[in-house]
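# Per-entry structural report
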Amino acid sequence: MIAYNPKEWFSFIFRFHKADTFRKLLPLMIGIGVYSLGVAYLELEYWKMSESSHVKNITVMHTLLGFVISLLLVFRTNTAYDRWWEGRKAWGALVNNSRNLAMKIAVMVKSNEDKEIFRKLIPAYSAVLNLHLKNVDVKHELFDNATLSDDHYKHKPNQIAKTIIAKINELYEQGKITGDQLIVLNAEMQSLTDICGICERIKNTPIPYSYSAFIKKFIFIYVMSLPFGYVFSLGYLVIPVVIVIFYVLASLELIAEEIEDPFGYDPNDLPTARLAEMMQKNVEELIY
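To keep things clear, this report deals only with the structure shown in the data block. These numbers come from a predicted model, not from an experiment.

This paragraph deals with the nonpolar core. Core analysis: the biggest nonpolar cluster contains 41 residues, and Trp91, Leu94, Ile105, Phe118, Ile122, Tyr125 and Ile287 have the highest contact counts within it. For this core, the secondary-structure elements that each account for two or more residues are helix H2 (59-108), helix H3 (112-133), helix H4 (156-173), helix H5 (179-204), helix H7 (238-259) and helix H8 (272-286). A total of 11 residues in this core trace back to one element, the largest contributor, which is H2. The residues touching Leu94, leaving out its near neighbours within four places in the chain, are Tyr125, Ser126, Leu129, Leu192, Ile195 and Met279. Listed in part, the 23 residues of the second largest apolar core include Ile32, Ile219, Ile239 and Phe246.

Below, the structure is given as structure tokens:
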């Protein structure tokens, strides 16, 4: 995730980051410019169309459809941002619940040996969830004296949660914690699993294909038809105008594509690895 100062807005105009859509769209913008030049040349120089040509009236279509495409892009970006923000809230809840679980373990459990196990298992859950959402393979051996078995190897966070719950139940059976304490700790563990489910729902449920494909086709047809009508009023200036319009519309779609899955490696994705490291430090401070 890109860290920046939102108050220094003027510097953004002259700064190009690797996540900037300008870099990604530059080849297409060049192609659109060449295409617009070709259309302008044919209409002005080769066919020598007059301003009374009916082709000039194609701008009416752009006026009518401009409002429609604006609504579609607003809905598209808002939907993508909602997914990004929901993912951030889920990881914020994971941070708080991990701290709460660590604090309760630190107070309820007296044995240093038992505490040491939870000191490693609790932050391991967030670390493994981060890798799980990124589809990264996790080794069986998490750390000394804690090994993931093969029975649920495809879903690593579940295996970590199962190990923690088994240890909590073992403490209860040994009389090291009471039944009331078991209920309290069980509620905290359930919240971790709920958060995992929220993140998986966001990751595994993309925007419907037909909707995403329609917006891309709409933008393409809209931009490719722009030079035909506006060349009469703008002349060869239609080239930079069409390029700018394409850049704005396509950039909104690219931004929406990037943030709708907030758990990857894109520059604007959530800093889940950094959050997992922060949770590890917090848990190690609480359980000692």
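This brings us to the state of the cysteines. Within the structure shown, the criterion is met by zero disulfides. Sulfur of Cys196: no disulfide; nearest cysteine sulfur belongs to Cys199 and is 6.9 Å away. Taking relative accessible area as the criterion, Cys199 reaches 0% and is therefore assigned buried.

Inspection of the secondary structure assignment puts Lys24 in helix H1 (residues 21-46). Given the relative accessible area of 43%, Lys24 is considered partly exposed. Sequence-wise, Lys24 and Ser251 are 227 residues apart; in three dimensions their C-alpha atoms are separated by 9.1 Å. Looking at Lys24, its side chain comes within polar contact range of the side chain of Glu258, at 3.5 Å.

Looking at the secondary structure, you find Ser126 in helix H3. Look at Ser126 and you get buried, because its relative accessible area is 0%. For Ser126, the side chain forms a polar contact with the main-chain oxygen of Pro123, separated by 2.9 Å. Other than its neighbours up to four places away in sequence, Ser126 contacts Trp91, Leu94, Ala276 and Met279.

So, on to the packing of aromatic side chains. Summed over the entire model, instances satisfying the criterion amount to five aromatic pairs. Their ring planes at 80 degrees and their centres at 5.7 Å tell us that Phe75 and Tyr211 sit as a pair that is edge-to-face. Of this pair, Phe75 sits in helix H2 while Tyr211 sits in helix H6 (residues 209-234), and the two are 136 residues apart along the sequence. Looking at Tyr211, the relative accessible area reads 21%, which means it is partly exposed. Measuring from ring centre to ring centre gives 5.7 Å for Tyr81 and Trp84, while their planes differ by 20 degrees; the resulting arrangement is stacked. Taken together, the residues span about one helical turn, with Tyr81 and Trp84 both in helix H2 at a distance of three residues. Residue Trp84 is classed as buried on the basis of its relative accessible area of 11%.

Parameters and conventions
- Residues numbered from 1 in each chain as written.
- Predicted model: local features only at pLDDT ≥ 70, side-chain atom pairs only at ≥ 80, totals over all residues.
- Heavy atoms only, no water.
- Core = buried A, V, L, I, M, F, W, Y, C linked by side-chain atoms within 4.5 Å.
- Buried < 20%, exposed > 50% of the residue type's maximum accessible area, 1.4 Å probe, protein only.
- Helix = DSSP H or I, 4+ residues; strand = E, 2+ residues; numbered from the N terminus.
- Contact = heavy atoms within 4.5 Å.
- Disulfide = S-S within 2.5 Å.
- Polar contact = N/O pair within 3.5 Å; in protein donor to acceptor, adjacent residues only side chain to side chain.
- Phe/Tyr/Trp six-rings, centres within 6.5 Å; stacked < 30°, edge-to-face > 60°.

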